[in-house]
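Structural characterization, general
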Amino acid sequence: MPDLPTGTVTFLFTDLEGSTRLWQEHPEAMKPALARHDEILRSAVAAHDGHVVKTTGDGAHAAFADARSALLAARAAQLALASETWGTTGPLRVRIGVHTGPAELRDGDYYGTAVNRAARLMSVAHGGQVVVSLTTEELVRDDLADGTSLRDLGDHQLRDLARAERVFQLCASGLQADFPPLQSLDAYAGNLPAQLTSFVGRQEELSAVGDVLRASRLVTLTGVGGVGKTRLALQTAAELLPELPDGAWFCELAAATDAETLVQIVAATLGAPPRAGTALDGSVLDFLRTRRALLILDNCEHLLDTAAELAERILQSCPGVRILATSREGLAVAGEQVRPLRSLSALDAEQLLAERARAVAPQFAVTAGNEAAVGEICRRLDGIPLAIELAAARLEAMSPVEIAQLLDERFRLLTGGRRTAVERHQTLRATVDWSYSLLDETDRTVYERLGVFAGSFDGSAAAAVVSGDGAEDWDVRETLGRLVRRSMLVAEPRDTGATRYSMLETLRQYARERLDDSGVGDRWRRRHAEHYANLAGEFGPGLRGADELSVRARVREELDNLRAAVNWALDCNERDDIECGIAIIAELGNAASADVASGIGVWAGRAVPAADGSTPGRRHAVLGAAAYTAMQSGGDPQRARALALDALRDGVPADSPNALLAHNALAMSEGYLTGWTTGIAVMLGAPADLAAVPDNGYYASAMLATTATMMVVNGDRAAARPLADLALTRARQIRNPTCLALALFTVGWIEWEENPAAALTAIEESTALTRAGAVDGALGTALGLAARIRARLGDATGACRALREAVEYSRDVGDTANLGFALFEMLDVLVASGHARFAARLAGALTDGVFRDLLTQVGGDESGRRQRTIERVRDEIEPAEFAADWARGAAMTHTEVIDVTLSELDELLAAGGAAQPA
């Protein structure tokens, strides 16, 4: 796509009038007719230097750098459409709207109020008509083409419910001049209130709710307070107005205190006259009985039974009336369609923040300097529109970074909403207070205690953690359902058949504050930590068995809760509390090597000072995990060796939940510090040290594979081969995916030179297991090795793809050692593809820059290979150029090295890969 205009842009929207009818009546003829329609529009836009951004159903969205060109394109399109011979479909009549304003361009599409306004403007026009906003008219007023004029049609309320728009009609020779009144809100009955701000996002929801309301006479929008139910209901009503001869009527029920006042509000809104001898609700029914209208019952939750009864009677007595209700939970009326409203997407939330911010700080924009803070604000406020609007109001006097830093105090920070807003929407706390006040005592108790969970949880965990003292097991399970119905919990059915529950962070923080204010917060956090320590005890053995993948999926599913439990426990003073955290880390410690991204190895590093007070087995497991993490992710062999030796000071306790990690860390660190012969000796001694540890074959296979790998690095493939074969045999016997992935990787590394095709098969089987959920600690190295083999086999494109995944993955999980392996593999590919200058820069970073330690840490045969690769780079270019590029690479930061490497790989892939390395 050519460069699209930025800054102030003129947008042109088109839509084919009566397209649904035409498709129904002429399905075959419409296909070629619509193709010709598209061709005419695109030709008119292109002829006037415009760009078709995208097609929208039977219309188009185009952008122009100047308003005059947009009007000329609109005129040309209408003239061409009018002069075309259309055949059996009859003339295709297109309406066009043109509006100018600032917009944000991202990923080839535009966002912002101006885009939406242009689309809304188009929607009020008739087929054959071109309508123009005041903003556009002012830009072209003194520069109209000959024979062209703009007729003032007056102020009109568009269907975005924002401020009224002055609308003009484009007039020119050959264009139809007279049309019925515009289809704006002014032309319809009802009382939909004009909104002072734009409608942002929710386009999918808007379309879906409209479709459901056409099919069902009662639709209820449910969701947490402030999520935007009312705004979506109003916008849906505005979109449906052309289908409602008797209009749409908005009944705000928040002020109703009982059944009588609720009915009074509805009657007053409709203007239903009271009738002698008839109750007021009867008068409402009489008034609506013959009408085709939409009734919006807004905020029903505090008088749910009354609202439900009235809705049911209206549906029974008034066949032409549809009802759109908003509530924290459904009305439970026969035929009701409940549509839960979720938070805004990240993109829509950021757009909302930016637009609302400009109301108080007109120069505000999302920039590289504040983009991360804006994203954090929207994420931590759960994408709740009310919370985001309150945060935006603070941007008058604070920066996004400052607001993001204060979000732990969100209930104090987010105050001072619009004075005209419903009282409970003027502050975030008031909104949540309203929801909380509608709960009974048991539901409040359970809700507060559920605040100790992080992320999602299942019903069994909820019952185990928060039951007791006035909320027994069954009470908890019943309350979960009620909280879901009241939009204070989200239920997420999983493929396994289980249901996970989650709470928006704003609601969770409120629950925790309530719990802490009652003085019993730590009691329930202790219950939470004890539950997850027990659960970790169940997970640990499973990770070493044939069902590892399903167990590891459970661990990842519970990771937020496990992390919360560990962090709370390690911050405690009581030994029993601390021990909960130690137990979790010890049982799950093999994730330090098998699931680097989980962060459990980092927890182990934090737990080192507390480990001495634990049992010998847990102490050994925690220190071993911390040692491995220091070596693998931190690249600190000195600390890794010290921690590993400390873990092994009394041998390997028989009850260590992770008996091999300390040996692995010690062998790796010794290999880097003193040579691989020493590291291999550590691993060869491991079987005797682990003799008392119960083993289903997991440790035996892992020890053999690790020892063989170190032998390969040291250049002794002959000695490594039988160990690797035995490791693979053991792994296939126990069917543990991690052991199998490690053994296959080792076999592939041994065979890559002599039998590259077989080696690639083994490596690809290994990475397939990893992607399925097995060990990921060696994925970066495995992908780097796959790239080496593919390059040797002549598959340059495959090599580049493998390297790109290796670099991106290792970066994302913070795996420095495997990142270095992939970067060194990159050098051969670069030289072979004629990119020796960049290879020199990368070599400088790998030897004299931020990755300088990686060459010396490897040692053995692999170190020699890397030295030879660097010499090959040196031989490819002139000495002065090599020195300059080398120095440039040595000066790059860690992030710069990764970013430019990924960019270089993208170039190679776009060019079809690289040549085969020599």
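Residues numbered from 1 in each chain as written. Predicted model: local features only at pLDDT ≥ 70, side-chain atom pairs only at ≥ 80, totals over all residues. Heavy atoms only, no water.

What follows deals with the sheet that holds strand β10 (residues 248-252). Strands sit in the order β10-β11-β12-β9-β13 across an open sheet of 5 strands; the sheet is parallel. Looking at which strands have only one partner, the edges of the open sheet turn out to be β10 and β13 (337-340). Ignoring strand direction, the axes of neighbouring strands in this sheet form an average angle of 20°. Direction of pairing for strand β11 (residues 293-298) relative to strand β12 (residues 321-327): parallel, over a ladder of 5 bridges. Across the sheet, the residue bridging to leucine 297 is alanine 325, located in β12. (Pairing = 2+ DSSP bridges. Helix = DSSP H or I, 4+ residues; strand = E, 2+ residues; numbered from the N terminus. Axes fitted to C-alpha atoms, helices over the stretch in contact; angles between N-to-C directions.)

With that settled, consider the layout of surface pockets. Counted as a void, the largest pocket has a volume near 1400 Å³. Lining the largest pocket are 43 residues, and of these Ala119, Arg120, Gln203, Leu206 and Glu239 lie nearest its centre. Every element with two or more residues in the lining of the largest pocket is listed here: β1 (7-16), α1 (19-25), β2 (51-56), β5 (109-111), α4 (113-123), α6 (203-215), α7 (229-240) and α11 (346-360). Its residues assigned to classes, the lining of the largest pocket shows 10 nonpolar, 17 polar and 16 charged. (1 Å grid on protein atoms, 1.4 Å probe; cavity = no way out; pocket = protein on both sides within 12 Å on 5 of 7 lines; lining within 4 Å. Points joined across faces, edges and corners; volume = space filled by probe spheres on them. Nonpolar A, V, L, I, M, F, W, Y, C, P; charged D, E, K, R; others polar.)

Our focus in this paragraph is the sheet that holds strand β14 (residues 456-458). Read across the sheet, 3 strands follow the order β14-β16-β15 without closing on themselves; strand pairing throughout is antiparallel. If you trace the sheet from one side to the other, it starts and ends with β14 and β15 (490-493), each paired once. Shown here is a sheet whose adjacent strand axes are inclined to one another by a mean of 35°, direction ignored. The pairing of β15 with strand β16 (residues 499-502) spans 4 bridges and is classified as antiparallel. Each bridged residue has a counterpart across the sheet, and for proline 493 the counterpart in β16 is threonine 499.

What the rule picks out here adds up to 10 aromatic pairs. Considering the side-chain rings of phenylalanine 745 and tryptophan 749, the 5.5 Å spacing of their centres and the 50° angle between planes classify their relative orientation as tilted. Note that phenylalanine 745 and tryptophan 749 are positioned in helix α33 (residues 737-751) at a spacing of 4 residues, about one turn of the helix. Per residue, the accessibility class of phenylalanine 745 equals that of tryptophan 749, and both read buried. Here phenylalanine 882 and tryptophan 886 contribute two aromatic rings whose centre-to-centre distance is 5.2 Å and whose plane-to-plane angle is 45°, an arrangement assigned as tilted. In this pair, phenylalanine 882 and tryptophan 886 are both assigned in helix α41 (residues 879-890), 4 residues apart and thus about one turn of the helix distant. We classify tryptophan 886 as buried; its relative accessible area is 16%. (Phe/Tyr/Trp six-rings, centres within 6.5 Å; stacked < 30°, edge-to-face > 60°. Buried < 20%, exposed > 50% of the residue type's maximum accessible area, 1.4 Å probe, protein only.)

Tallied over the full model, the rule gives 58 salt bridges. Two residues, glutamate 558 and arginine 500, come together in a salt bridge whose shortest N-O distance is 2.7 Å. Pair noted here: glutamate 558 is in the loop between α22 (548-557) and α23 (559-570) and arginine 500 is in strand β16, with a separation of 58 residues, a long-range link. You can call glutamate 558 buried: its relative accessible area is 1%. Between arginine 721 and glutamate 754 there is a salt bridge; the shortest N-O distance is 3.7 Å. Residue arginine 721 is located in helix α32 (residues 717-734), and its partner glutamate 754 is located in the loop between α33 and α34 (756-771); the two are separated by 33 residues in the primary sequence. The class for glutamate 754 is exposed, based on a relative accessible area of 64%. Connected through salt bridges with shared partners, the residues Asp458, Glu492, Arg494, Arg500, Glu557 and Glu558 form a single ionic network. (Salt bridge = Lys/Arg side-chain N within 4 Å of Asp/Glu carboxyl O.)

All right, on to the packing of helix α8 (residues 259-270) against helix α9 (residues 280-288) then. Running from N to C, α8 and α9 cross one another at 35°; their axes reach a closest spacing of 9 Å. Of the two elements, α8 crosses α9, and the hand of that crossing is left-handed. Mapping the contact onto sequence places Val263, Gln264, Val266, Ala267 and Leu270 in α8 and Leu280, Asp281, Val284, Phe287 and Leu288 in α9. For the contact of α8 with α9, the residue count by class is 8 nonpolar, 1 polar and 1 charged. (Left-handed = near helix turned anticlockwise from the far one by under 90°. Contact = heavy atoms within 4.5 Å.)

With that settled, the discussion passes to the pairing of strand β3 (residues 59-64). Of all 6 residues in β3, 6 are buried; the element is thus mostly enclosed. Alternating residues of β3 divide into Gly59, His61 and Ala63 and Ala60, Ala62 and Phe64, and every residue in both groups is buried. Pairing of β1 with β3, which is carried by 4 bridges, proceeds in the antiparallel orientation. What sits directly across from phenylalanine 11, in β3, is alanine 63. Inspection of the sheet shows β2 paired to β3 by 5 bridges, in the antiparallel sense. Opposite histidine 51, over in β3, you have alanine 63 as the bridge partner.

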